[in-house]
Amino acid sequence: MSTAAYRTGLGPAALDVERIRRDFPILDQTIHGKKLVYLDNAATSQKPRAVIDAIVRYYEHYNSNVHRGVHTLSMRATEAHDEARETVRRFIQAADASEIIFVRGATEAVNLVAQTYGRANVGEGDEVLITAMEHHSNIVPWQILCQEKHARLRVVPINDAGELDLEAFEKLLSPRTRIVAVAHVSNALGTVNPLRKIIQLAHAHDVPVLVDGAQAVPHMAVDVQALGCDFYAFSGHKIYGPTGIGVLYGKEEVLAEMPPYQGGGDMIRSVTFEKTTYNVVPYMFEAGTPDIAGAIGLGVALEYVMGLGIDRVAAHGQDLLAYATEKVGAIDGVRLIGTAQHRAGVLSFVLDNVHPHDLGTILDREGIAIRTGHHCAQPVMDRFGIPATARASFAVYNTKEEIDALVDGIRKAHEVFA
Ligand code: PLP
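What counts, and where the lines are drawn
Residues numbered from 1 in each chain as written. Predicted model: local features only at pLDDT ≥ 70, side-chain atom pairs only at ≥ 80, totals over all residues. Heavy atoms only, no water. Core = buried A, V, L, I, M, F, W, Y, C linked by side-chain atoms within 4.5 Å. Buried < 20%, exposed > 50% of the residue type's maximum accessible area, 1.4 Å probe, protein only. Helix = DSSP H or I, 4+ residues; strand = E, 2+ residues; numbered from the N terminus. Domains from an automatic or database assignment. Contact = heavy atoms within 4.5 Å. Buried area = accessible area lost by both parts, 1.4 Å probe. Salt bridge = Lys/Arg side-chain N within 4 Å of Asp/Glu carboxyl O. Polar contact = N/O pair within 3.5 Å; in protein donor to acceptor, adjacent residues only side chain to side chain. Pairing = 2+ DSSP bridges. Right-handed = clockwise from strand over helix to strand, strands pointing away. Phe/Tyr/Trp six-rings, centres within 6.5 Å; stacked < 30°, edge-to-face > 60°. Lys NZ or Arg CZ within 6 Å of the ring centre and 35° of its normal. Near = heavy atom within 4 Å. Areas by Shrake-Rupley, 256 points an atom, 1.4 Å probe, with all protein chains shown as cover. Nonpolar A, V, L, I, M, F, W, Y, C, P; charged D, E, K, R; others polar. Arc of directions from axis to C-beta.

1. Re the nonpolar core
For step 1, the next point in the chain: Among the nonpolar cores identified, the biggest contains 72 residues, and I92, V180, Y232, Y240, V396 and Y397 are the most heavily contacted of them.
For step 2, the next point in the chain: Examining the composition of this core, we find that seven residues originate from one element, helix 10 (residues 292–308), more than from any other.
For step 3, the next point in the chain: Counting residues domain by domain, this core receives three or more from each of domain 1 (3–31 + 309–416) and domain 2 (52–306).
For step 4, the next point in the chain: Those residues within four positions of V396 in sequence are excluded, and the remaining contacts are L15, V17, I20, F24, Y240, L308, V313 and H316.

Here it is as structure tokens:
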């Protein structure tokens with residue numbers, strides 16, 4: 001994406017959304033006879049042509065396994081795979097590409113840390129500290145670890161706006177805390193957490209921090225060195241890349257001390273029946289043939305976002321979120337769930353007398369895709385005393401007209417059930 005994609009005359013923060021929309025072939029269709037309005041981006045985003053083409057190009061022209069070949073195709077595939085890792089490094093400002101581990105997604109990234117760092121460092125009576133707004137993928141891996149190790153999972157509470165209670169966080173940090181795992185942005189509430197403060201407090205207690213960045217990377221610039229986090233996890237498919245590929249960033253000195261994750265090819269230096277020595281980081285954590293096409297696709301997706309300008313992307317997202325908050329919030333019978341001062345990407349709400357699933361179904365008849373349910377964050381639903389919410393979530397190709405269509409659809413649903 002060249003600078004030509006920015007509409008002149010709209011100021012430096014404006015994306016040329018009409019042009020961006022043409023990059024996403026899936027958007028050009030009707031659903032139930034209505035123009036598709038895709039507002040389920042927090043679940044998965046759509047893919048630009050550049051990403052789709054890069055994957056097809058790989059399979060059509062240089063499909064081959066990486067690392068083990070001396071032939072031309074294998075070398076091309078290896079080079080493209082290495083390039084993708086370097087693109088990820090640049091995107092999150094890691095110090096070295098060896099700190100970038102390719103995984104299946106944010107879920108596998110958290111499981112990897114729990115099963116390697118966690119198993120090596122969490123013992124009986126120790127504590128793992130998470131928050132009340134985590135996605136199940138940043139809860140259950142720690143529960144499994146704590147059960148195995150007879151350790152304790154502790155949870156930082158949130159207030160009625162969906163913001164972390166930082167005072168409680170500080171109190172919960174104890175000499176027994178072995179790791180803090182926290183979302184950068186909540187997928188159910190949109191809350192942006194004060195990471196610098198959290199990391200600073202945790203590090204003052206010598207506690208490492210894992211950040212679940214699945215909902216953050218599509219909406220804001222992330223600099224892992226400036227943040228100082230020890231781990232940062234995200235999924236490719238939520239940032240215009242393919243499914244099945246994601247990233248675990250780990251600080252070099254932390255990764256160097258971690259035991260392996262899965263055993264198999266590529267993660268070893270030498271194998272005998274008596275003894276196996278392991279490969280260097282990151283390969284030590286990437287057993288087996290990787291998702292080569294996925295990594296290449298992810299690299300192209302991140303280049304696409306960087307080409308648009310992450311600051312412009314962030315400004316566009318904030319603009320849409322502010323507009324949606326105002327318009328949806330003003331509808332009779334709507335209650336917004338998640339009203340934190342700093343939010344990004346998602347608007348969660350409930351509508352009087354209308355179950356979120358019914359609302360989702362009615363909106364689908366209008367061509368509008370939103371998500372309804374607990375959003376894999378059941379403890380958040382419990383905290384707010386509701387079974388589910390309706391959630392609209394935004395991407396670079398969304399417009400205010402689409403939010404207007406959402407508002408009309410919600411009003412229609414309210415009338416049907418009134
Ligand atoms: N963390 C958050 C905050 C999420 O929103 C999600 C997915 O919705 C995940 C983790 C898990 O991502 P994935 O299913 O791609 O592994």
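2. What to know about the domain arrangement of the protein
For step 1, the next point in the chain: The assigned domain composition of the protein is domain 1 (3–31 + 309–416) and domain 2 (52–306).
For step 2, the next point in the chain: Relative placement of domain 1 and domain 2: their C-alpha centres are 27 Å apart.
For step 3, the next point in the chain: In this complex, domain 1 contributes 35 residues to the contact, which on the side of domain 2 involves 30 residues.
For step 4, the next point in the chain: Carbon and sulfur atoms supply 59% of the area that domain 1 and domain 2 bury against each other, a total of about 2,500 Å² over both sides.
For step 5, the next point in the chain: At the junction of domain 1 with domain 2, the criterion picks out one salt bridge.
For step 6, the next point in the chain: With a shortest N-O distance of 2.8 Å, D160 and R383 are connected by a salt bridge.
For step 7, the next point in the chain: For the pair domain 1 and domain 2, the interface holds 18 residue pairs in polar contact (both at pLDDT 80 or more).
For step 8, the next point in the chain: Elements with a contribution of two residues or more to the side of domain 1 that touches domain 2: helix 11 (310–329), strand 14 (346–351) and helix 13 (378–384).
For step 9, the next point in the chain: Looking at which element gives the most residues to the side of domain 1 that touches domain 2, the answer is helix 13, with six residues.

3. Details of the environment of A330
For step 1, the next point in the chain: Here A330 is to be found in the loop between helix 11 and strand 13 (334–336).
For step 2, the next point in the chain: Judged by its relative accessible area of 58%, A330 falls in the exposed class.
For step 3, the next point in the chain: Considering only alpha carbons, one finds A330 and V407, 77 residues apart in sequence, at a separation of 9.5 Å.

4. Observations regarding unusual backbone geometry
For step 1, the next point in the chain: The amide bond that connects V281 to the next residue, P282, takes the cis arrangement and shows omega of 10°.
For step 2, the next point in the chain: Along the polypeptide, P282 turns up in the loop between strand 12 (276–278) and helix 10.
For step 3, the next point in the chain: Located in the positive-phi region is D266, a residue other than glycine, with phi close to 75°.
For step 4, the next point in the chain: Among the secondary structure elements, D266 is positioned in the loop between helix 9 (252–255) and strand 11 (268–271).
For step 5, the next point in the chain: A residue is classified by how much of its surface remains accessible, and D266, at 17% relative accessible area, is buried.

5. Here's the deal with the pairing of strand 7 (residues 177–183)
For step 1, the next point in the chain: When you tally the buried positions in strand 7, you get six out of seven residues, the bulk of the element.
For step 2, the next point in the chain: In this sheet, strand 7 lies alongside strand 5 (residues 127–131) in parallel orientation, the contact comprising three bridges. Along strand 7, the bridge assignment pairs L129 with V180.
For step 3, the next point in the chain: Looking at chain direction, strand 7 and strand 8 (residues 209–212) are connected through four bridges and run parallel. The residue of strand 8 that forms the bridge with V182 is V211.
For step 4, the next point in the chain: After leaving strand 7, the chain enters helix 7 (residues 195–204) and then returns to the sheet as strand 8, a path that is right-handed.

6. What about the packing of aromatic side chains?
For step 1, the next point in the chain: As enumerated under the stated definition, the model contains seven aromatic pairs in all.
For step 2, the next point in the chain: Ring centres 4.7 Å apart and planes at 65° place the aromatic pair F24 and Y397 in the edge-to-face group. Linking F24 in the loop between helix 1 (17–22) and strand 1 (30–31) with Y397 in the loop between strand 17 (389–393) and helix 14 (400–417), this pair joins segments that are 373 residues apart in sequence. In terms of burial, F24 and Y397 fall into one category: buried.
For step 3, the next point in the chain: Chaining the aromatic ring pairs together yields one cluster made of F24, Y240, Y304 and Y397.
For step 4, the next point in the chain: The cationic tip of R383 hangs over the ring face of F384; the distance from NZ or CZ to the ring centre is 5.4 Å.

7. As for the side chain of H414
For step 1, the next point in the chain: Note that H414 resides in helix 14.
For step 2, the next point in the chain: Residues contacting H414, with those up to four places away along its chain left out, are D332, G333, L351, D352 and V354.

8. Some thoughts on the site of the ligand
For step 1, the next point in the chain: Close to the ligand lie G105, A106, T107, H135, S137, N187, D212, A214, Q215, S235, H237 and K238.
For step 2, the next point in the chain: In this structure, D212 approaches the ligand through a side-chain N or O atom, which is 2.5 Å from a nitrogen atom.
For step 3, the next point in the chain: Between the ligand and H237, the relevant distance is 2.7 Å, taken from an oxygen atom to a side-chain nitrogen or oxygen of the residue.
For step 4, the next point in the chain: Out of a free accessible area of 390 Å², the ligand has 85% covered by protein chains.
For step 5, the next point in the chain: Taken together, the residues of the shell around the ligand sort by class into two nonpolar, eight polar and two charged.

9. Digging into helix 5 (residues 140–149)
For step 1, the next point in the chain: Along helix 5, the residues that are buried comprise P141, W142, L145 and C146. In a view along the axis of helix 5, the buried residues occupy a sector of 130°, so they form one face of it.
For step 2, the next point in the chain: On its buried face, helix 5 sits against helix 4 (106–121), strand 5, strand 6 (152–156), strand 7 and strand 8.
For step 3, the next point in the chain: H150 lies just past helix 5 and shows a positive phi near 55°.

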